[in-house]
Amino acid sequence: MTDDAALMPREAETRPAADFPLEPMPRVFGGLSGRLLWLTVIFVMLAEILIFVPTVANMRDGWLRDRLDTAAAAGIVIDGLQPAELPRAVQDDTLLATGTKVIALRKDGTSRLLAAMDMPPQVDEQIDLAAQTPLTSMRDSLETLVFGGNRIMRVYGPIGESDMIIELVMSDKALHKAMLSFSRDMFILSLMISLITAFMIYVAINRMMIKPIRRLTRGMQIFSEHPEDPGRLFSPAKEKGELAVAGRHLTAMQVELQRTLKQQKNLADLGLAVSKINHDMRNILASAQLMSDRLVDVDDPMVRSFAPKLLRTIDRAVEYSTEVLAYGQAREAAPKRRRIRLGSLCQEVRDMLALDPDGEIEYLDQIPTDLEVDADSEQLFRVIHNLCRNAVQALAQADVVDPLVGRRVSVTAQRLGSVVGITIDDTGPGMPRKARENLFSAFRGSARSGGTGLGLVIARELVLAHGGTIGLVEKPGPGTQFRIEIPDRPVSFEDYRARA
């Protein structure tokens, strides 16, 4: 189908750019990159804490194993001196060298005290290195790290692959000090690793993401200052990353926005011009209306038959002119709905089309005579007349038409419950793909060369004002088919009781 500009378009309401002040770009360490840097440091430190617990447990077990190995070497030497007993001075030196208070050797089911202090201390904790599991080792390590330093512990374990067991009694003060020193070194190392890792991630992310994002943001800001300036279009990078693709989409969106702004400016200029022309046209039509009223008094039968139609046409033209001015003020009159005979309205549409009865284009009206629709007669007339006129223009301009089908415009309607469905069908060439994609878009949805697409836009707005729908229906054969659905107004209790 084709369409025509029946009314002037609305002027788009825009806000000045001053209402949207540009925000300054955040600092390097105060924006996304800075938050990324600190989050990386925190996450690496958390990972190091999770690693620290098993690491300090291994350090503790290794420290205790070294003490057992040292004492075991001394114990085997002492055990070989049997039955001689070590002098007190040698025992003290052995205990001092191993950092223990008691050394005992269990062999062949018997235990022998190899070296000991005069008064053996009371034992607070017993540790069997052979029976240690990872969980118990981590638990004991944390306990020693937090509460250790002044406790006596008994440590024992096998000597190599033999069945001998070496036992030690010692203070955990040296172990606690070693664990604190190890924890301090681990913290410093973890902090250095996290800072180095965060800095490298920051540099990489800043180069790959933050800088392109800043460039995109800056491009948006520059474009928003003067969106109509072609020199402010964003220049996308030639890379293949996601941000480069986003930049190309941004450029395409800006180009489309500039095109839309230009169309809206033309639309506003057109609206102003049409308003001025329409104002004068309304005065001319008012004069013609006064002169045509005298035709009623003429006795010529031919004049009497055409006079009422001429008067209705001039009245409708005057009303159209008034509504065009209202449309130019960005408002459409609310529909004045009442029950009307749809068949009579479509007959007026047929008269307005002025089709030659002997012409190639046939107008087929298949509306039941008693079918009524709850609508504004003038607005519904404009909708149906616009669609039928477009169909007639499409058929008139069609080069090839199926001879079996012919050139025909048909209007059918039916009521289903509280909804009246109106179908306008033609046997023309159909709508082009571009017109289908922009069906109800002003200046883009026209199927006719030189058309504006405003006719369908206005028709859709009038149908929506009635709470109805309008749409293009896919059909297997040639041509174009539109479907209009107008629901009845809901009846309030007050109206129902008044009518009852």
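Calculation rules
- Residues numbered from 1 in each chain as written.
- Predicted model: local features only at pLDDT ≥ 70, side-chain atom pairs only at ≥ 80, totals over all residues.
- Heavy atoms only, no water.
- Pairing = 2+ DSSP bridges.
- Helix = DSSP H or I, 4+ residues; strand = E, 2+ residues; numbered from the N terminus.
- Axes fitted to C-alpha atoms, helices over the stretch in contact; angles between N-to-C directions.
- Buried < 20%, exposed > 50% of the residue type's maximum accessible area, 1.4 Å probe, protein only.
- Phe/Tyr/Trp six-rings, centres within 6.5 Å; stacked < 30°, edge-to-face > 60°.
- Lys NZ or Arg CZ within 6 Å of the ring centre and 35° of its normal.
- Contact = heavy atoms within 4.5 Å.
- Patch = residues over 30% accessible without salt bridge, like charges linked within 9 Å, V, L, I, M, F, W, Y side chains within 5 Å.
- Areas by Shrake-Rupley, 256 points an atom, 1.4 Å probe, with all protein chains shown as cover.
- Salt bridge = Lys/Arg side-chain N within 4 Å of Asp/Glu carboxyl O.
- Parallel < 35°, antiparallel > 145°, perpendicular 65-115°, else oblique.
- Nonpolar A, V, L, I, M, F, W, Y, C, P; charged D, E, K, R; others polar.

A. Seen up close, the sheet that holds strand S1 (residues 102-107). If you walk across this open sheet you meet the five strands as S2-S1-S5-S4-S3, and the pairing is mixed. Both outer strands of the open sheet, strand S2 (110-116) and strand S3 (125-128), are each paired with one neighbouring strand and no more. The mean inter-strand angle of the sheet, taken between neighbouring strand axes irrespective of direction, is 20°. With five bridges joining them, S1 and strand S5 (residues 165-171) adopt antiparallel strand pairing. In the strand pairing of S5, Ile103 is matched with Leu168.

B. Molecular detail of the pairing of S3. Only one face of S3 is buried: it carries Glu125 and Ile127, and the other face, with Gln126 and Asp128, is open. Sheet analysis places S3 next to strand S4 (residues 152-158), joined by four bridges and oriented parallel. Along S4, the bridge assignment pairs Gln126 with Arg154.

C. Looking closely at the packing of aromatic side chains. Overall, the coordinates contain zero aromatic pairs when judged by the stated rule. Here the basic side chain of Arg67 rests over the ring of Trp63, its NZ or CZ set 4.0 Å away from the ring centre.

D. Broad picture of the sheet that holds strand S12 (residues 481-487). Pairing within the open sheet is mixed, and its five strands lie in the order S7-S9-S10-S12-S11. For this open sheet the edge positions go to strand S7 (361-366) and strand S11 (469-473), each flanked by a neighbour on one side alone. Between one strand axis and the next, the sheet turns through 15° on average, direction left out of account. Judged from the eight bridges that link them, strand S9 (residues 407-416) and strand S10 (residues 419-426) form a sheet pairing that is antiparallel. In the sheet register, Val411 faces S10, and the bridge partner there is Ile424. On the sheet, helix H7 (residues 342-353) packs against S7, S9 and S10 and is oriented at approximately 170° with respect to S7. Here helix H8 (residues 377-397) sits on the sheet in contact with S7, S9, S10, S11 and S12, set at roughly 20° to S10.

E. Focus on a nonpolar patch on the surface. Together, Phe187, Ile188, Leu191, Met192, Leu195, Ile196, Phe199, Met200 and Val203 make up an exposed nonpolar region whose accessible area comes to about 870 Å². Locating Phe187 in the fold gives a position in helix H4 (residues 173-225).

F. Fine view of the packing of helix H3 (residues 134-147) against H4. At a closest axis distance of 9 Å, the pairing of H3 and H4 adopts a crossing angle of 95°. Judged by the angle between their axes, H3 and H4 are roughly perpendicular. Mapping the contact onto sequence places Ser141, Thr144 and Leu145 in H3 and Leu175, His176, Met179, Leu180 and Ser183 in H4. Among the residues making up the contact of H3 with H4, the classes are represented as four nonpolar, four polar and no charged.

G. Looking closely at the pattern of salt bridges. With the rule as written, the count across this model stands at 18 salt bridges. Two residues, Asp488 and Arg339, come together in a salt bridge whose shortest N-O distance is 3.4 Å. On the criterion of sequence distance, the pair formed by Asp488 in the loop between S12 and helix H11 (493-499) and Arg339 in strand S6 (residues 338-341) is long-range, its members being 149 residues apart. Asp488 gets classed as buried once you look at its relative accessible area, which sits at 16%. Among the salt bridges present, the one from Arg415 reaches Asp488, with a minimum N-O distance of 2.7 Å.

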